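Each chain, written out:
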Amino acid sequence: DTAVSQTPKYLVTQMGNDKSIKCEQNLGHDTMYWYKQDSKKFLKIMFSYNNKELIINETVPNRFSPKSPDKAHLNLHINSLELGDSAVYFCASSQVSGSYEQYFGPGTRLTVT
Amino acid sequence: AQSVTQLDSHVSVSEGTPVLLRCNYSSSYSPSLFWYVQHPNKGLQLLLKYTSAATLVKGINGFEAEFKKSETSFHLTKPSAHMSDAAEYFCVVSDSWGKFQFGAGTQVVVTP
């Protein structure tokens with residue numbers, strides 16, 4: 001059973017489009033995260049939700065909007081996609097918020113043309 | 001503020017020889033530190049973590065790391081490299097909110 005899953009695995013779209021990435025965890029964790037990994041493999045946190053409440057919101061363009069319908073799901077919606085949004089997006093979860101290990105999904109490779 | 005510096009962007013080792021990946025951190029309080037591994041086109045897998053217990057931490061696949069407060073270091077080692085260890089390795093420092101700060105990564109190449 002996959003602990004943290006993401007869909008889709010690959011996403012190719014044109015500039016200006018709106019797209020969503022979905023994440024689900026079956027670990028019973030309270031906290032979920034979105035990370036962006038750029039072409040140089042650098043990873044940066046974007047958002048974190050604890051039990052459906054936003055607790056970390058980094059300096060991310062407001063074209064990016066996370067939504068957590070329940071604590072097992074955290075989706076990422078991106079409006080008006082730009083070339084610079086091309087990256088791999090990782091979802092992660094941890095038991096609770098705090099300095100606990102995080103479990104990562106397989107990633108979604110987004111390519112904006 | 002906290003940060004982490006991985007001192008080598010690329011490490012090449014022969015199979016069967018030791019691996020050393022260096023990481024220095026900066027934190028205004030007692031940090032939580034992690035090492036993650038990322039194989040090509042895969043997600044990140046936790047190797048080990050330090051959370052103010054024993055300073056020598058053992059992880060999966062024969063890896064271990066030593067927390068040295070005086071040197072602000074958390075270097076990762078393995079006595080004998082295997083071909084399957086070829087991957088990208090990330091050192092991470094976490095704040096009390098779970099905000100992970102990743103190092104830039106070290107790519108490990110293992111030659112036969």
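Above this text you will find the structure in question.
This structure is a prediction, so every number in the text was calculated from the model and none was measured.

Conventions adopted
Residues numbered from 1 in each chain as written. Chains lettered and ligands numbered in written order. Predicted model: local features only at pLDDT ≥ 70, side-chain atom pairs only at ≥ 80, totals over all residues. Heavy atoms only, no water. Contact = heavy atoms within 4.5 Å. Buried area = accessible area lost by both parts, 1.4 Å probe. Salt bridge = Lys/Arg side-chain N within 4 Å of Asp/Glu carboxyl O. Polar contact = N/O pair within 3.5 Å; in protein donor to acceptor, adjacent residues only side chain to side chain. Phe/Tyr/Trp six-rings, centres within 6.5 Å; stacked < 30°, edge-to-face > 60°. Helix = DSSP H or I, 4+ residues; strand = E, 2+ residues; numbered from the N terminus. 1 Å grid on protein atoms, 1.4 Å probe; cavity = no way out; pocket = protein on both sides within 12 Å on 5 of 7 lines; lining within 4 Å. Points joined across faces, edges and corners; volume = space filled by probe spheres on them. Nonpolar A, V, L, I, M, F, W, Y, C, P; charged D, E, K, R; others polar.

Looking at the interface of chain B and chain A
Logical step 1: Listed per partner, the contact involves 23 residues of chain B and 22 residues of chain A.
Logical step 2: Of the roughly 1800 Å² buried at the junction of chain B and chain A (both faces included), carbon and sulfur atoms supply 56%.
Logical step 3: Its salt-bridge partner being Glu101 of chain A, residue Lys49 of chain B comes within 2.7 Å of it at the nearest N-O pair.
Logical step 4: For the pair chain B and chain A, the number of links is five residue pairs in polar contact (both at pLDDT 80 or more).

Here we look at the pattern of salt bridges
Where charged atoms from two side chains of opposite charge approach closely, those side chains can pair.
Logical step 1: Under the criterion given, the structure shown has 10 salt bridges over all chains.
Logical step 2: Here the salt bridges share partners, and the residues they tie into one network are Lys44 and Glu58 of chain A together with Lys99 of chain B.

Considering the packing of aromatic side chains
What characterises a pair of aromatic rings is the spacing of the ring centres plus the angle enclosed by the ring planes.
Logical step 1: Under the definition given, this model contains 16 aromatic pairs over all chains.
Logical step 2: Between Phe63 of chain B and Tyr89 of chain B, the ring centres sit 5.6 Å apart and the planes meet at 45°, which makes this aromatic pair tilted. Pair noted here: Phe63 of chain B is in the loop between strand 7 (56-58) and strand 8 (64-68) and Tyr89 of chain B is in strand 10 (residues 87-94), with a separation of 26 residues, a long-range link.
Logical step 3: A network of ring pairs unites the aromatic residues Tyr33, Tyr35 and Phe104 of chain A together with Phe34, Tyr36, Phe90, Phe100 and Phe102 of chain B as a single cluster.

Observations concerning the layout of surface pockets
Logical step 1: Space inside the largest pocket adds up to approximately 430 Å³.
Logical step 2: Looking at the largest pocket, it is lined by 25 residues, and the ones nearest its centre are Gln37, Lys41, Val88 and Arg109 of chain A together with Asn41 of chain B.
Logical step 3: For the lining of the largest pocket, the elements supplying multiple residues, two or more each, are strand 9 (87-94) and strand 11 (108-112) of chain A together with strand 10 and strand 12 (106-111) of chain B.
Logical step 4: Among the elements that take part in the lining of the largest pocket, strand 11 of chain A stands out by supplying four residues, more than any other.
Logical step 5: A class-by-class count of the residues in the lining of the largest pocket yields nine nonpolar, 10 polar and six charged.
Logical step 6: The computed volume of the second largest pocket comes to approximately 200 Å³.
Logical step 7: The wall of the second largest pocket is formed by Lys36, Asp38, Phe42, Lys44, Ile45, Met46, Thr59, Val60, Pro61, Arg63, Phe64 and Asp85 of chain A.
Logical step 8: Counting residues per element, the lining of the second largest pocket draws most heavily on strand 5 (residues 43-50) of chain A, at three residues.

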